Each structure stands twice: as structure tokens, then as C-alpha cells.
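Spelled out, the chains give:
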Amino acid sequence: MTDNKLSIDRPAIESLLTRRFFYAPSFGIYGGVAGLYDYGPTGTALQQNLINMWRQHFVIEEDMLEVDCSIMTPAEVLKTSGHVDKFADWMCKDTKSGDIFRADHLVEAVLEARLEGDVLARKLAGATIADASAAAAPADAKKDKKNKKKGGPVVATKLDDSVVAEYQNILAQIDNYDGEGLGELIARFDIRNPATGNEVTKPVEFNLMFDSSIGPTGQLKGYLRPETAQGQFLNFSRLLEFNNQKMPFASAMVGRSFRNEISPRQGLLRVREFTMAEIEHYVDPQNKDHPRFEEVADIKLSLLPGSVQLTGSTDTVQMTIRDAVAEGVIDNKTLGYFMGRIHLYLMSIGIKHELLRFRQHLNNEMAHYACDCWDAEIKNSYGWIECVGCADRSAYDLTVHSNRTNQKLCVRENLTEPHIYEKLVCEPNSKVFGPKLKRAAKPVLEHLESMSPADLSAVKDALASDGKATVTLAGTVADGTYEITAEMITIENKTITEYTREYTPNVIEPSFGIGRILYSLLEHSYSVRPDDEQRAVLSFNPAVAPFKCLILPLSNHASFKKPLLDVARRLRTNGVPARVDDAASVSIGRRYARNDELGTPFAITVDFDTAKDGTVTLRERDSTNQIRASIDEIVDMVKNLVAGSATWEDALSKYPAVSAAASD
């Protein structure tokens, strides 16, 4: 659908990425394994540059505490966090072939294909409707030949306007359906395996974690971590101490995570092993303001709130972060601040502004730990793809880990004035309470102390009126129902005076999928020369480009060797990654072209004038314009261009342009 997907020659860019070894399927000579990829020299350098810029933008500028935690995680940790029970997708299976599908993706693909068929039918009939045109466009036959539609071949079949509207409404909130809802859609719209036409089973849950065992006995169950966050949470007390007990603060981590995807596809967008960069910002739940909010408050974001999605619309709203927070669209200033910082980071690496939006999670798709969440979605040829999540995880993780381990993961701060209040307090009669309840005594008391004021007041009233009350325990060492009497415990209001406040921080978590960002950037940077469609260009900005400068001789003349190596050494010494292409048997124009494919922004050419006067030419990739100056001046200029302290316009104003006709 043209409105939802970036129009680009995907087979051409995929061919380029494979041919120039940006990345390739792992274990290729053994047939490969779906969802696993190896990065080549160019892809590795590009990914590292994205990480370096992320680290500068967040870790260094925000003074975050960076950690590196274990990949292998004991099952008990992930059971406590909720991942063992809830980290799952809905899966269905072809009843005959056994092909596996992620249920929401199957429904989405089939309905999109039907909408595209409707638009095609209307165009063939000479009559279209605006809504359907906005939803779909005919499949590109050239692309379909190499990449079959996930929803099956597009067939020109006109749908009723009401059906078109219904399909659009479903697609706008596809992430809000649970397994039962997806099953109803599959049955109602007769959704089948697009490749075979066979029926599919009802959706069932599939846990996405890779399980393993720790140690030689196999008795300690573990998982490869599905996220980097848990290691940060478990080290909260150490981080707080390192930060001299000061709040708020943030920890950060870059590392590998693993998810056993049901049906890996779309290259780097849905894989089983990937690099994440995650931030855990710990904040006082009573004060979610941010001291640097004003720096981003007037940034205008393209927002897709949950309320809009539930109407069946995907129209975005343009709002400043200040207005979005003030109107309650974004929950709080800290969440808004990080959405602004995410926006600035993505702009700095080269993501196009008009191809970025922030979509709010609907209730059914919200992670089990989140109370609000926005995804930074980047538009590419596969559609709007979630690349960054920004969630308010509340106090969920610290609370559940603290309860499970009996270790306090909280903040204590001295109050400027004492806090005085009335509270219902339980006072057990130790001579009766312990002997009567035995091993259940401690769990029962803890249960009573954890009750809400209303529930504890109900127990107090029961003791006063009946002389007894019942307490039911679950999830303890002494589960069951117990009777307590007025003789065993006293519950009464007492005046409490506190000189310190103890609280469990809430967590705002920006989580970046580096591979997804990288692939989207590749598509946003891709173009072909207007005069030659066979000459592809990746227009990376210099900070992101894997190689900053190409160095090449005009020919293989012996006099070129020394200045060639000298220029390369001086650039590399100054921290500028430079690549030498001295295959002089290939024309210089061809050598420029093949390095344009790598996204190299600048090229220095050593020629016969270099031997005479020590000058070289400097070419800029996108314009193909060239200047000429001494080696010293060109090296300094490249260093400044890469650092961002100079622009190509500065270079053109300072040095004379030269004709590229002879060389290019």
C-alpha cells in the first residue's frame, strides 16, 4: 500500500547489500538458518557507527551509567519478571502442509492483499474510491516476481465499500487483537495459507524465549535473555550507590538479545538474534518532570495516539511535545523528553523526518509491565516498522524482583519536614499468634501488612463484630485459608511520624532495535544516478558512513604509491576511516561508482599533478563535484567534514572546483 510503504526498488537494494556484503544469512554454505545474519565489513562499521552515535547522544550527553550484563539468565529471574508466562506471540499452522504463521501477520498480509486487489479492480473499471486508494495500490509486478506477496498474489477483485472500510478498521488496530480475536478474524474472513489455500488452525500461544540449561547437570534451567533490561534492574541498588544515592538517574546497555521468532522474515526486521540498546531511567513516581524538558518541548512530533487508532484511522496528529504532555496525549514530561531525544537521534543519523512517526500502544498489545508506551515507527518498503519503543514500565520490575528475593530495590531520602499521618497497624500477640499459626505466622502477618487500608479495615471490623476473620494466602510457602481471632492480633489506627521517605522508582525505558534502524537507514539513503539507473548511491551522512574517505590513484604509475600511502596514513592517524582502491585496471569512474555503493562520502585522487606540486583532488559523493588543494589542506578539510565542523559548501567556497570529466 503506497501510503503505508516506502516506494523503492527493494530487489535492487537487497542485491546491492548482499553483493557488497553489508550482511548475509548466517551459515550460508550449509543452507542458512532463518532469522540469523552475519554482518560484513561495511555492515559492521555502519552498525558500530550507529551505536557510537547512540552512546554519544544518550550515555555521554545524559551522563548515564553504562553496564554490560550476562546474556544467560536463570529461569527464576524471567519467571519473576513475567517473561516465562507472558512473553509470547500467537501462532497458527497450515492444517495440511504444517507451515507456521504468526497469526496477526497472516491476517494483516491477507487483508492488505485483498485491499490491493480491490484498488486494482476499481482502476481497471475506471472508478476508484479515495479511502481504498489510500489503503492500497497495485503490486509492483517487477518486485512480485522476486518477492511473492505474503498475503498471496494480488487478484483484481472489487470489494463492497463497507468491506473496504471494515478491513481498514481492522488493520488500523491489528495489534489490539488477542488470540481469541485473531481466531475470530481468521474464521470470519476465511483467512488461509496464501501459498496453498489450506485452512489454518486456531491461534495458540508460543513463548519467544530460547531455553537452555546452566551447568553440567542440566538442573538449573536458563534462557538466552530476550532483552537487556533485567540485568540493569537487578543491579539497581549498586547503581544507586554508585550514583551517590542521587535520583533521578539512568543506566544504559548495548548488547545481544534473542527471540525465537515464529516466522522470521523481512531481512533484518524480524530476526532471532539482534543488537539492542536500552536505557532504564529511574524516576520518582510522584514527580515525573525532567530537568531538561524545555530543550525538547517545542519539537513537533508526528503522533498516532491510541484513541485515533481505535476509530479505525491511521492519520497522525502533528503536536509539539509541550502540547502533547499538557493535553495528556503523552503521559508525563520524562516520557515526552525521551521521545524528543529519540526523534533527535534518528534525525541525526539520517532518518527522514516525513518517514518517522510515534504510535501509542493499544491496551491489548501493551507489554505486561508497561502503563504507557509509544513506538518510534520508521516507514520503509515493508511498511511502518517499530524501531524504538519508549515505555513507562512503572515500578513493576523493581517491585516483583524485590518481593521475590526479599531484597529492597528502593530509594530512601531524608525529608525536609517530617511526614505525619494516621495508619492502620497490625500488632500480633506473640504468645498466641505464632504458636497458633506456626509456619504460616510470618506469611499471614506479611499478607495483612500488605493489604490496602480498605481491606485491612474490613478485617478489623470483622474482628470487632465476630471476634474472628479469615485470611487466604496464595503464592507463599503456606498457601491456604487461616482463621485469626481478636486474641491473636490487634488492628488499630496509630499516628506515624516519618523522617525519611522510602519509595520504589518508576522506570522510563527507551529501547532501540539497532538492526531495524540500520535497515531503515539503508532504504532512506538509497538512490540511483538520474543519468544511469545502474549506478546506485547510499547517501549516508559522514558521521554514519562506514568508510569516510576513499583514496585512489589515477593509474598504477609507480610515482603514485608513496603519496597514496601517505594520505591514507594521515587520515587514519586523525581517526578518519579510509579505504584504498588501487585496482588501476578498472576506470576511475567505475571505482568512484562502486564506492558510492558503500556510501563513502569523499574520495581523494592521487594523479600526475600530485608528483609535481603535491596537490590532490577531493570528490564529494552526492554532487560528484571536486576541488583541488594540497595534501595537507585536503586532509584537514576531510577531517573537518567528517567531524561536522565544516560543510561541502565551505569547501567549495574556499577551494576552486575542478572538472571531473577527465576522471569520472
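Small disclaimer: the values here were computed from a predicted structure and weren't measured.

Enquirer: Any chance you could break down the sheet that holds strand 27 (residues 615–620) for me, citing the residues and the numbers?
Expert: If you walk across this open sheet you meet the six strands as 25-24-26-27-28-29, and the pairing is mixed. In the strand order of this sheet, the two ends are held by strand 25 (578–580) and strand 29 (657–658), each with one partner. In this sheet, strand 28 (residues 626–630) lies alongside strand 27 in antiparallel orientation, the contact comprising five bridges. If you follow Thr615 over to strand 28, its bridge partner there is Ser630. Seen against the sheet, helix 21 (residues 588–596) touches strand 24 (549–553), strand 25, strand 26 (602–606), strand 27 and strand 28 and runs at an angle of roughly 165° to strand 24. Relative to strand 28, helix 23 (residues 631–643) is tilted by about 125°, and along the sheet it contacts strand 24, strand 26, strand 27 and strand 28.

Enquirer: Residue-level account of helix 23, with values.
Expert: Relative to the 18 Å expected for 13 residues at 1.5 Å per residue, helix 23 spans 18 Å between its end C-alpha atoms, a close match to the ideal helical length. Of all the positions in helix 23, only Ile631, Ile634, Val635, Met637, Val638, Leu641 and Val642 are classed as buried. Taken down its axis, helix 23 places every buried residue within 165° of arc, on the same side.

Enquirer: How would you sum up the domain arrangement of the protein chain? Please name residues and give values.
Expert: Each assigned domain of the protein chain is listed here: domain 1 (19–82 + 210–397 + 508–514), domain 2 (88–207), domain 3 (416–503) and domain 4 (547–658). For domain 1 versus domain 4, the separation of C-alpha centres amounts to 38 Å. Both sides together, the interface formed by domain 1 and domain 4 hides about 510 Å², and carbon and sulfur atoms give 45% of it. Seen at the junction of domain 1 and domain 4, the total is two salt bridges. A salt bridge links Arg20 to Glu597, with the shortest nitrogen-to-oxygen separation between them at 3.0 Å. Inspection of the domain 1/domain 4 interface yields three residue pairs in polar contact (both at pLDDT 80 or more). Among the residues making up the side of domain 1 that touches domain 4, the classes are represented as one nonpolar, two polar and two charged.

Enquirer: Describe unusual backbone geometry, naming the residues involved and giving the relevant values.
Expert: Backbone torsion omega between Met247 and Pro248 reads -5°, so that peptide bond is classified as cis. Structurally, the position occupied by Pro248 is in the loop between helix 11 (236–242) and strand 10 (249–258). Here Asn244, not a glycine, exhibits a phi torsion of approximately 60°, which is positive. Tracing the backbone shows Asn244 in the loop between helix 11 and strand 10. Asn244 sits in the exposed class, given a relative accessible area of 59%. Despite not being glycine, Ser394 has its phi angle at roughly 50°, a positive value.

Enquirer: Before we move on, can you summarise the sheet that holds strand 8 (residues 211–214) with the specific residues and values?
Expert: The three strands are arranged 4-9-8 in an open sheet whose pairing can be described as antiparallel. A strand with exactly one partner marks an edge of an open sheet, and here the two such strands are strand 4 (72–74) and strand 8. Each strand of the sheet is rotated relative to its neighbour by a mean of 45°, with strand direction disregarded. Here strand 8 runs beside strand 9 (residues 220–224); their pairing, made up of four bridges, is antiparallel. Its bridge partner lying in strand 9, Ser212 is registered against Gly222.

Enquirer: Quick rundown of the layout of surface pockets? Include the residues and the values.
Expert: Taken as a whole, the second largest pocket spans an internal volume of roughly 880 Å³. Of all elements in the fold, only helix 15 (396–405), helix 17 (441–450) and strand 20 (489–503) reach the threshold of two or more residues within the lining of the second largest pocket. For the lining of the second largest pocket, the residue count by class is eight nonpolar, 10 polar and five charged.

The rules we used
- Residues numbered from 1 in each chain as written.
- Predicted model: local features only at pLDDT ≥ 70, side-chain atom pairs only at ≥ 80, totals over all residues.
- Heavy atoms only, no water.
- Pairing = 2+ DSSP bridges.
- Helix = DSSP H or I, 4+ residues; strand = E, 2+ residues; numbered from the N terminus.
- Contact = heavy atoms within 4.5 Å.
- Axes fitted to C-alpha atoms, helices over the stretch in contact; angles between N-to-C directions.
- Expected span 1.5 Å × (residues − 1).
- Buried < 20%, exposed > 50% of the residue type's maximum accessible area, 1.4 Å probe, protein only.
- Arc of directions from axis to C-beta.
- Domains from an automatic or database assignment.
- Buried area = accessible area lost by both parts, 1.4 Å probe.
- Salt bridge = Lys/Arg side-chain N within 4 Å of Asp/Glu carboxyl O.
- Polar contact = N/O pair within 3.5 Å; in protein donor to acceptor, adjacent residues only side chain to side chain.
- Nonpolar A, V, L, I, M, F, W, Y, C, P; charged D, E, K, R; others polar.
- 1 Å grid on protein atoms, 1.4 Å probe; cavity = no way out; pocket = protein on both sides within 12 Å on 5 of 7 lines; lining within 4 Å.
- Points joined across faces, edges and corners; volume = space filled by probe spheres on them.

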